[in-house]
Number of protein chains: 2
Amino acid sequence: MTDHDVSFLRDLDVECSFTESRREQYARDASPHHPSTPDAVVWPERTEEVSDVLSAAYERGVPVTPWSGGSGLEGNAIPVEGGIVLSTKEMTWVEADPDTLTARVGPGVVYDDLNEALAGDGLRFPPGISSGDVATIGGMIATNASGFNAVRYGETRDHVRRIEAVLPDGEVVEAGRNVVKTSSGYSITDLLVGSEGTLGVVTDATIELAGIPAEKRAALVAFESARDACRAVSDVIGAGVKPGAIEFMDAHSIELLNENRDDLTLPERATLLLELHGNTSGIDEDYAFVEGLCRDHNVVEWTEPGGAMADVWEARREALPAARAYDPDLDVAVIGDVVVPITNYPDIVERAHELADEYDLLVPLVGHAGDGNLHYTPLVDREDEDHVIRAMAYNNEVVQAAIEMDGTATGEHGVGIGKRGFMSDEHANTVDVMRAVKDAIDPKGLLNPGKVIPEE
Amino acid sequence: MTDHDVSFLRDLDVECSFTESRREQYARDASPHHPSTPDAVVWPERTEEVSDVLSAAYERGVPVTPWSGGSGLEGNAIPVEGGIVLSTKEMTWVEADPDTLTARVGPGVVYDDLNEALAGDGLRFPPGISSGDVATIGGMIATNASGFNAVRYGETRDHVRRIEAVLPDGEVVEAGRNVVKTSSGYSITDLLVGSEGTLGVVTDATIELAGIPAEKRAALVAFESARDACRAVSDVIGAGVKPGAIEFMDAHSIELLNENRDDLTLPERATLLLELHGNTSGIDEDYAFVEGLCRDHNVVEWTEPGGAMADVWEARREALPAARAYDPDLDVAVIGDVVVPITNYPDIVERAHELADEYDLLVPLVGHAGDGNLHYTPLVDREDEDHVIRAMAYNNEVVQAAIEMDGTATGEHGVGIGKRGFMSDEHANTVDVMRAVKDAIDPKGLLNPGKVIPEE
Ligand SMILES: Cc1cc2nc3c(=O)[nH]c(=O)nc-3n(C[C@H](O)[C@H](O)[C@H](O)COP(=O)(O)OP(=O)(O)OC[C@H]3O[C@@H](n4cnc5c(N)ncnc54)[C@H](O)[C@@H]3O)c2cc1C
Ligand SMILES: Cc1cc2nc3c(=O)[nH]c(=O)nc-3n(C[C@H](O)[C@H](O)[C@H](O)COP(=O)(O)OP(=O)(O)OC[C@H]3O[C@@H](n4cnc5c(N)ncnc54)[C@H](O)[C@@H]3O)c2cc1C
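Being a predicted model, the structure only gives us computed values, none of them experimental.

Reading the values: the criteria
All chains use their own residue numbering, which begins from 1 and follows the written sequence. Key to labels: chains lettered from A, ligands numbered from 1, both in the order written. In view of the model being predicted, local features appear only for residues whose pLDDT reaches at least 70, and side-chain atom pairs are presented and counted only at 80 or more, with totals across whole chains, interfaces and linings using the full set of residues. Excluding hydrogens and water, the side-chain values take into account all heavy atoms of the structure. The numbering of helices and of strands both runs from the N terminus, where a helix is a DSSP run of H or I of at least 4 residues and a strand a run of E of at least 2. To get the radius of gyration, use the C-alpha atoms; to get the globule rule, take the number of residues to the power 0.38 and multiply by 2.2 Å. A 1.4 Å probe rolled over the protein chains alone gives each residue an accessible area, and that area as a share of the maximum for its type sets the label: buried under 20%, exposed over 50%, partly exposed in between. Note on contacts: a residue pair is in contact if any heavy atoms of the two residues lie within 4.5 Å. Computed by Shrake-Rupley with a 1.4 Å probe, the accessible areas treat only the displayed protein chains as cover when residues are assessed. Charged-residue counts in this description rest on Lys and Arg as positive and Asp and Glu as negative, His and the chain ends being excluded. The atoms used to mark charge sites are NZ of Lys, CZ of Arg, CG of Asp and CD of Glu. What makes a residue near a molecule or strand is one non-hydrogen atom of that residue sitting within 4 Å of it. Whenever two N or O atoms come within 3.5 Å, that pair is a polar contact, provided that in protein one can donate a hydrogen and the other can accept it, and provided that, for residues adjacent in sequence, both atoms are side-chain atoms. Here the axes come from fitting lines to C-alpha atoms, over the contacting stretch only for helices, and the angles between their N-to-C directions go from 0 to 180 degrees. When an angle is under 35 degrees it counts as roughly parallel; over 145 it counts as roughly antiparallel; between 65 and 115 it counts as roughly perpendicular; any other value is oblique. Here a crossing is taken to be left-handed if its near helix is turned anticlockwise relative to the far helix by less than a right angle, and right-handed if that turn runs clockwise. Gly is put with the polar residues, along with every residue not named as nonpolar or charged; the nonpolar set is Ala, Val, Leu, Ile, Met, Phe, Trp, Tyr, Cys and Pro, and the charged set is Asp, Glu, Lys and Arg. Delimitation of the domains relies on an automatic or database domain assignment. Summed over both partners, buried area is the accessible surface (1.4 Å probe) that two parts give up on being assembled. Criterion for a salt bridge: a side-chain nitrogen of Lys or Arg within 4 Å of a carboxyl oxygen of Asp or Glu. The copies are overlaid by a least-squares fit using only the C-alpha atoms of residues whose pLDDT is at least 70 in both copies. UniProt positions are given in the numbering used here, feature names are shortened, and annotations may be inferred rather than shown by experiment. Nine residue types can take part in a nonpolar core, namely buried Ala, Val, Leu, Ile, Met, Phe, Trp, Tyr and Cys, and a core is a set of them joined through side-chain atoms within 4.5 Å.

### Observations regarding the overall build of chain A
Here's step 1: A tally of helices and strands in chain A yields 15 helices and 20 strands.
Here's step 2: In summary, chain A has a C-alpha radius of gyration of 22 Å against a globular reference of 23 Å for 456 residues, a match within 12%.
Here's step 3: Expressed along its principal axes, the backbone C-alpha trace of chain A runs to roughly 65 × 55 × 45 Å.
Here's step 4: The buried share among the 456 residues of chain A stands at 63%.
Here's step 5: Partitioning the intrachain contacts of chain A with sequence separation of at least 6 by distance along the chain shows that 71% fall at a separation of at least 24.
Here's step 6: Element-wise, carbon and sulfur atoms account for 43% of the exposed surface of chain A, whose accessible area totals about 16,200 Å².
Here's step 7: Mean positive and mean negative side-chain charge positions of chain A (35 and 84 charges, respectively) differ by 4 Å.

Dropping the structure here:
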């Protein structure tokens with residue numbers, strides 16, 4: 001990494017900092033990836049300011065890395081080549097339009113804040129994300145984020161109608177329109193979604209919203225084995241049911257949750273957390289139907305927690321902190337994030353368990369199971385090099401297994417630095433198409449360099 | 001248009017024809033756009049054959065235009081620069097996988113045939129299309145087609161997980177995986193969807209299916225005015241209801257339908273054709289709720305046709321033939337296809353009526369109203385040049401009006417030749433991004449030249 005002359009930023013009308021302490025704050029995201037300190041940080045408040053920074057940097061060959069919440073899990077926003085970190089965190093407008101079920105939002109709006117602002121109109125931005133208190137809409141668009149509720153409502157991509165973005169050279173473009181469907185040329189909107197700030201900086205977006213469901217029913221279901229739980233998921237999805245959420249937690253995860261909270265004594269078994277959403281009494285029929293499907297697979301305990309459901313969800317949200325808190329000597333080495341076709345879900349979970357044994361690792365598993373999405377968090381002693389190496393080898397093998405099962409290396413966290421090495425395994429020569437697109441839009445390779453597309 | 005030497009095709013192991021009569025069949029699609037005869041037509045049956053044709057043509061600088069059903073309405077598949085028409089019509093495999101709710105399909109599979117093949121498993125490919133007896137999956141992916149049922153189930157884009165495509169130079173790529181969500185790099189899948197055969201030839205796809213709904217309830221609702229009907233649509237959608245279909249027909253269209261069929265005597269009023277889909281008894285609550293919303297807007301007649309609904313749908317499908325049959329001296333000049341934000345639907349319909357008066361044209365209007373999608377078919381005497389010119393001017397003004405209302409120039413038919421002139425109005429400088437992508441993937445500009453992207 002070389003130092004870049006970023007003094008030109010002083011001449012621009014944009015909030016910026018060159019102090020070491022501020023710069024250090026932008027050297028790492030929420031991942032354990034190697035930090036890298038930028039030469040400056042800017043906090044534009046308007047699209048024109050973003051454009052000014054980009055065009056000036058482009059002219060001078062200075063790399064720029066977009067940043068919003070900094071909660072990425074694959075080093076997505078780490079400025080590996082230094083230069084400027086451009087934070088869109090100050091761009092926080094929300095203009096809801098309940099009649100079209102959309103909102104215009106700034107990229108810096110935090111997910112939970114957005115949903116709080118929308119609740120008064122009975123609306124929400126529905127993909128769900130466990131880091132909703134920090135993750136922003138800009139970051140979510142850039143990584144095509146999603147979480148608990150994607151199984152019913154879809155991922156971020158499914159909700160983006162229109163994006164205003166600034167291209168690497170500072171040009172402002174608008175992709176897409178405020179319509180539910182269009183066949184008007186290439187979908188540049190969809191190209192920007194999931195491009196992790198390597199093609200453009202998102203400065204404004206029109207997103208689709210969903211109504212807050214009038215009816216919810218939930219269940220916490222303990223199964224005899226992980227395979228039983230996963231088969232139940234596969235049956236529910238295969239039957240065409242769209243639960244509001246269907247989360248898997250293995251026995252290890254439940255154990256950690258119980259340890260983390262005095263008030264929790266869940267059976268330490270592979271468990272599904274099920275939530276059904278609806279607007280009519282039909283939800284009771286759905287509930288009975290889903291219960292029937294699950295009970296074909298050795299249910300040990302079926303609980304309908306009712307009012308206590310909020311606590312269960314809170315506990316689920318604490319799965320990661322619980323893993324971190326479990327043993328002061330152990331830290332989360334990596335947060336795995338693969339997706340497989342739903343029929344292979346039992347297999348990937350089994351493989352993840354087998355590999356944990358093989359590598360002698362403690363690996364709690366959780367997952368947005370309805371999407372075939374599995375998260376795993378091998379716990380390691382960071383001082384113990386061999387331990388860390390085993391965890392990395394474990395991650396590598398689970399991702400390869402997922403790809404072999406016709407799955408994907410990342411279901412929601414994106415490629416960043418951490419998944420670049422798997423891109424060719426997953427996409428083969430289609431990586432060249434991605435590279436051609438990147439070169440066409442960012443010929444100098446200055447926007448978030450070193451991410452997504454692997455070296456040639 | 002120059003003649004191209006396509007004799008090299010004789011050396012390839014692929015079905016082809018150079019006879020004038022066969023070539024003439026591929027000079028025009030279902031639109032009134034100017035025909036253009038190719039130098040040869042090929043009918044590959046396998047991906048490798050497609051690749052062989054493309055690489056040989058690319059080497060020699062011969063244009064290739066993909067073709068499947070030939071039902072395009074904007075000249076999308078007309079080989080304007082001659083060369084080779086490559087029909088994927090013979091690639092007709094269907095492999096359903098009910099457990100993952102997906103199917104692997106060849107691009108030549110006709111929409112209705114696909115749904116017939118899937119019905120045994122209780123599944124369907126749900127976007128809906130009025131030309132389902134000719135339109136193919138390849139053509140639907142290429143144009144991001146959709147129809148009656150998109151309001152509930154989404155457009156073709158929402159159902160494409162994975163595409164195998166052959167790039168302009170003959171390279172075979174695979175974009176996407178068989179997963180419901182992924183954040184693994186740029187979505188080349190979404191780039192190919194809607195690219196109208198200008199970036200690659202689709203040779204295989206994995207598409208998502210939906211279950212055939214267990215319950216349906218329908219209504220045919222006549223309103224006092226078009227504005228009443230459109231406001232009802234806007235209210236229903238704004239309330240978050242997702243009908244299986246919600247079609248608008250203006251009084252002219254109903255008149256034409258009545259004339260076309262002896263058994264039909266619908267009230268000649270602005271009418272909504274409503275269909276609710278569900279799997280539970282909740283559908284009755286939805287029905288009552290929707291009826292309440294509609295009745296706020298001067299309903300003249302509410303009919304629940306029950307068993308006769310099939311006839312009503314058949315009549316709706318015949319809207320276009322009915323327009324064509326209305327008067328032997330009049331022909332459909334153009335089939336309009338715009339989408340606006342749902343709150344602007346009453347305005348675009350009103351504008352389309354006003355402009356019909358201004359230009360003194362008979363223009364029946366129908367539309368997939370729940371999506372804000374309006375179709376209009378000005379009827380003209382093709383021998384009367386002024387009449388045709390007025391119809392073109394009319395189309396131009398309606399499209400401009402839609403764009404001004406934050407809408408799109410085409411909701412489902414694509415850009416082809418006919419909408420190229422509106423691309424800059426709708427997308428401004430984002431057209432340059434599209435062009436950069438096209439140049440990156442097809443640097444010689446040989447795949448379906450003269451389409452989508454306007455001249456510089
Ligand atoms: C505890 C925890 C739980 C998590 N749970 C989930 C989950 O359930 N689902 C999920 O999807 N993710 C999850 N994540 C990962 C992370 O929150 C997401 O990747 C999120 O989308 C990142 O948003 P951000 O605003 O923090 O982006 P950042 O970390 O700031 O950036 C992420 C990427 O987006 C780019 N970017 C940021 N802003 C812009 C912009 N305005 N324009 C263009 N590019 C931009 C960056 O360059 C970078 O590549 C979790 C993270 C943590 C720490
Ligand atoms: C009466 C009637 C009603 C219609 N109703 C609707 C409707 O409700 N909704 C709707 O969306 N459309 C409708 N259309 C338009 C048309 O049917 C659609 O555009 C359809 O998707 C075209 O499919 P096709 O197989 O006929 O494609 P073609 O006309 O053969 O080609 C259309 C485009 O796709 C490209 N293409 C074809 N095959 C491939 C391939 N394998 N790989 C890459 N590119 C390919 C062509 O180059 C061309 O650009 C209607 C048309 C008619 C005549």
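Right, picking up where we left off after that structure.
### Some details on the environment of Thr47 of chain A
Here's step 1: When you line up the elements, Thr47 of chain A lands in helix 2 (residues 47-60).
Here's step 2: When near neighbours in sequence (up to four residues on either side) are disregarded, Thr47 of chain A contacts Met91, Glu164, Val166, Val172 and Thr203 of chain A.

### A short note on the site of ligand 2
All names here are of chain B.
Here's step 1: Around ligand 2 sit 35 residues, and of these Pro66, Ser71, Ser131, Thr136 and Ser146 come closest.
Here's step 2: Between ligand 2 and Thr88, the relevant distance is 3.0 Å, taken from a nitrogen atom to a side-chain nitrogen or oxygen of the residue.
Here's step 3: Ser146 is positioned such that a nitrogen or oxygen atom in its backbone is 2.6 Å from a nitrogen atom of ligand 2.
Here's step 4: About the coverage of ligand 2: the protein hides 94% of its 970 Å² of free accessible area.

### Things to note about the packing of helix 12 (residues 345-358) of chain A against helix 13 (residues 385-404) of chain A
Residues and elements named next belong to chain A.
Here's step 1: Where helix 12 meets helix 13, the axes come as close as 10 Å, and the angle between the chain directions of the two elements is 155 degrees. Taken together, the axes of helix 12 and helix 13 are roughly antiparallel relative to one another. The crossing of helix 12 and helix 13 is right-handed. Contacts from Ile348, Arg351, Ala352, Leu355 and Ala356 in helix 12 reach Tyr394, Glu397, Val398, Ala401 and Ala402 in helix 13.
Here's step 2: A per-class count over the contact of helix 12 with helix 13 returns eight nonpolar, no polar and two charged.

### Brief notes about the domain arrangement of chain A
For an interface, size is often stated in terms of accessible area lost upon the parts coming together.
Residues and elements named next belong to chain A.
Here's step 1: If you check the domain split of chain A, you get domain 1 (7-87), domain 2 (94-211) and domain 3 (215-404).
Here's step 2: Placing the centre of domain 1 and that of domain 2 at their C-alpha centroids yields a distance of 22 Å.
Here's step 3: At the junction of the two partners, domain 1 supplies 12 residues and domain 2 supplies 19 residues.
Here's step 4: Note on domain 1 versus domain 2: buried area summed over both sides is about 1,100 Å², and carbon and sulfur give 68% of it.
Here's step 5: In this assembly, domain 1 and domain 2 are joined by zero salt bridges.

### Some details on the environment of His277 of chain B
Residues and elements named next belong to chain B.
Here's step 1: Relative to the helices and strands, His277 is located in strand 14 (residues 271-278).
Here's step 2: Here the alpha-carbon distance between His277 and Glu116, two residues 161 residues apart in the chain, equals 19 Å.
Here's step 3: When near neighbours in sequence (up to four residues on either side) are disregarded, His277 contacts Asn149, Arg152, Tyr153, Pro213, Glu215, Lys216, Gly244 and Ile283.
Here's step 4: Of note is the side chain of His277, whose polar atom sits 2.7 Å from the side chain of Tyr153.
Here's step 5: Within polar-contact distance, the side chain of His277 engages the side chain of Glu275 at 2.7 Å.

### Concerning the relation of the copies chain A and chain B
Here's step 1: Under the fitted operation, chain A is carried onto chain B by 0.0 Å of movement along the axis and a turn of 180 degrees, and the coordinates agree to an RMSD of 0.0 Å. Accordingly, the operation relating the two chain copies is best matched by a two-fold axis. Using C-alpha coordinates, one finds that chain A approaches the rotation axis most closely at Gly282 of chain A, a distance of 2.2 Å.
Here's step 2: Most of the interface of chain A is mirrored in chain B, where 100% of its interface residues again form contacts.

### Brief notes about the interface of chain A and chain B
Here's step 1: Facing 77 residues of chain A, the contacting portion of chain B comprises 77 residues.
Here's step 2: When the buried area of chain A at its contact with chain B is split by residue, Arg177, Lys181 and Tyr186 of chain A rank highest and sum to 17% of it.
Here's step 3: One can count six salt bridges joining chain A with chain B.
Here's step 4: Asp371 of chain B serves as the salt-bridge partner of Lys181 of chain A, at 3.7 Å between the closest nitrogen and oxygen.
Here's step 5: Viewed at the interface, chain B and chain A are joined by 40 residue pairs in polar contact (both at pLDDT 80 or more).
Here's step 6: Every element with two or more residues in the side of chain A that touches chain B is listed here: strand 9 (172-175), helix 6 (188-192), helix 7 (226-238), helix 9 (282-295), helix 14 (423-427) and helix 15 (430-441) of chain A.

### Re the UniProt feature "domain: FAD-binding PCMH-type" (unreviewed entry) in chain A
Here's step 1: When the UniProt feature table is mapped to this numbering, "domain: FAD-binding PCMH-type" (unreviewed entry) covers residues 34-212 of chain A.
Here's step 2: Secondary structure content for residues 34-212 of chain A is 22% helix and 23% strand, and the end C-alpha separation is 40 Å.

### A word on the nonpolar core
A general trend in soluble globular proteins is that nonpolar side chains are found buried together.
Here's step 1: Judged by nonpolar contacts, the single largest core of 80 residues is most densely connected at Phe125 and Tyr186 of chain A together with Phe125 and Tyr186 of chain B.
Here's step 2: For Tyr186 of chain B, the residues in contact, after removing those within four places along its chain, are Leu191, Ser195, Thr198, Leu199, Met434, Val437, Lys438, Val452 and Ile453 of chain A.

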